[in-house]
Amino acid sequence: MALLSEDLYSKLAILGGDPLFKSPIHVGRPTIRNREQFLIRVNEILNRGWLTNNGPYVQEFERKAADYLDVRNFVAMCNGTTALEIAIRALGMHGEVVVPSFTFVATAHALQWQGIKPVFCDIDPRTHNLDPNEVRRRLSTRTTGIIGVHLWGRPCAIEELSQVALDHNQRLLFDASHAFGSSYRGRRVGGFGDAEVFSFHATKFLNTFEGGAVVTNNDDLAAAMRLMRNFGFSGFDNVVSLGINGKMSEVEAAMGLSNLADIDAVIEQNRDTYCRYRAALTGIPGLEVIAYDDNEDSNFQYVVCEIDSEATGILRDDIVEILHAEGVMARRYFYPGVHRMAPYRAEYSDSSRHLPGTEQLCQRVLCLPGGTAVDATEVDQISEIVRMVLRNGRTISNELRALRHEG
Ligand code: T4K
């Protein structure tokens, strides 16, 4: 580790010093538990010769995950994006659907991909989630649904959004990709709205390599989605509906089972990491580590900071560049906002007027490597650089400007 202290910012890697970490430390390193158990299951899969198509491990994963979430139906899928697409179709959404722009692009793609217009709605800058009052303003005669995203695992204003959906006869879907294990008013996320969607991508709190699920207490909806994820097949040769291939494979379910078995321990570890960062980064003007509700369950997968550049004297993007040079691969999720991405920006060129909260957050958010993949020493080292950079924000910012000018 290179030496860093408050007066040694000139030793920053970006200014010519040695990087703090030789190998990069990423946001989103997978959590892998019960490796032995997983490998035993992989062998069983190979011995059975049953690799996919609603195999025994997929069924076991569905049962155990449904129990954990306390929902009637857990329909496992090949990834979160396909799960969103299938849920959207099964719910009969069409025309326009209200979604946040401050989300991973898949939330909007799942609509646009099937010819449905995402209508971007602003978030509440305090919660980073859909603002229900703004949702009401974005509804039109063409709107058929609302998709709320439980960003960072912090549940949306579920009650208020449910009321909007009820008042305006809208379908309500939650993108719960980040929220496995989170609760809202004492109930696990999963049973709210018409359905909720999880992602089990490698980077997620619960990972199955790739994977996802739609969860619902509506049995008919679940039955329709089970058909859709398997080409619409109902038994041999009998195709009863339109469908695609949304199936989870056995090896993915085996990974899910191994990880699910240790979920409480993972939450504890994630919480320790998050709390350590929070303690180390408290009290720095212009920096806030977002809070999780002490009265609810959270998975603590994401360590999300908000940077106020005026107070710190340094831009969030400069901090990201400095951290990357040190081997800390901090991320700007979800920059620049979906409405500013190529497939959307032409049509949504005036959206910024409606999305001031989104625009602001896209310049402020910084995600640090969290979860089980960083240990206490690494958290302390990363926190130390962040503290040092922010405390010397204006000076470092000037140095960077001079460096770029020379370059
Ligand atoms: N809705 C929401 C709200 C979502 O956040 C997501 C996914 C979805 C829907 C769609 O679900 P899926 O269809 O993906 O199941 C990552 C993930 O690829 C994406 O799944 C996730 N959201 C998003 C928040 O994060 P990127 O562009 O950051 O991915 P990538 O490849 O840069 O991975 C991040 C870092 O993780 C890497 O720099 C290194 C590390 N990593 C990654 C992988 C894949 C590893 O260490 N090992 C690995 O195997 O989007």
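Since this is a predicted model, take the numbers as computed values, not measurements. (Residues numbered from 1 in each chain as written. Predicted model: local features only at pLDDT ≥ 70, side-chain atom pairs only at ≥ 80, totals over all residues. Heavy atoms only, no water.)

### As for the sheet that holds strand 6 (residues 171-175)
The pairing of strands in a sheet happens through backbone hydrogen bonds and is either parallel or antiparallel. Pairing within the open sheet is mixed, and its seven strands lie in the order 2-10-9-6-5-3-4. For this open sheet the edge positions go to strand 2 (73-77) and strand 4 (117-121), each flanked by a neighbour on one side alone. Pairs of neighbouring strands in the sheet enclose a mean axial angle of 25°, with direction left out of account. (Pairing = 2+ DSSP bridges. Helix = DSSP H or I, 4+ residues; strand = E, 2+ residues; numbered from the N terminus. Axes fitted to C-alpha atoms, helices over the stretch in contact; angles between N-to-C directions.)

### Let's talk about the site of the ligand
Taken together, the neighbourhood of the ligand is formed by 26 residues, with T81, D175, H178, K204 and Y333 sitting nearest. Residue H178 places a side-chain N or O atom 2.7 Å away from an oxygen atom belonging to the ligand. Starting from 910 Å² of accessible surface for the ligand in isolation, the protein chains cover 76%. Where the shell around the ligand is concerned, the elements lending two or more residues are helix 3 (80-90) and helix 4 (106-112). (Near = heavy atom within 4 Å. Polar contact = N/O pair within 3.5 Å; in protein donor to acceptor, adjacent residues only side chain to side chain. Areas by Shrake-Rupley, 256 points an atom, 1.4 Å probe, with all protein chains shown as cover.)

### Side note on the domain arrangement of the protein
Domain boundaries in the protein define domain 1 (9-30 + 263-330 + 369-406) and domain 2 (35-260). Here the C-alpha centre of domain 2 lies 31 Å away from the C-alpha centre of domain 1. Contact residues are listed per partner, giving 17 residues for domain 1 and 22 residues for domain 2. Roughly 1,700 Å² of surface becomes buried between domain 1 and domain 2 when both sides are summed, with 53% attributable to carbon and sulfur atoms. A per-residue breakdown of the area domain 1 buries against domain 2 is headed by I263, N299 and Y302, which together make up 37% of the total. Our count for the domain 1 to domain 2 interface comes out at one salt bridge. Between D297 and R188 there is a salt bridge; the shortest N-O distance is 3.7 Å. On inspection of domain 1 and its partner domain 2, the count reaches ten residue pairs in polar contact (both at pLDDT 80 or more). Elements represented by at least two residues in the side of domain 1 that touches domain 2 include exactly helix 9 (263-281) and strand 12 (303-307). (Domains from an automatic or database assignment. Contact = heavy atoms within 4.5 Å. Buried area = accessible area lost by both parts, 1.4 Å probe. Salt bridge = Lys/Arg side-chain N within 4 Å of Asp/Glu carboxyl O.)

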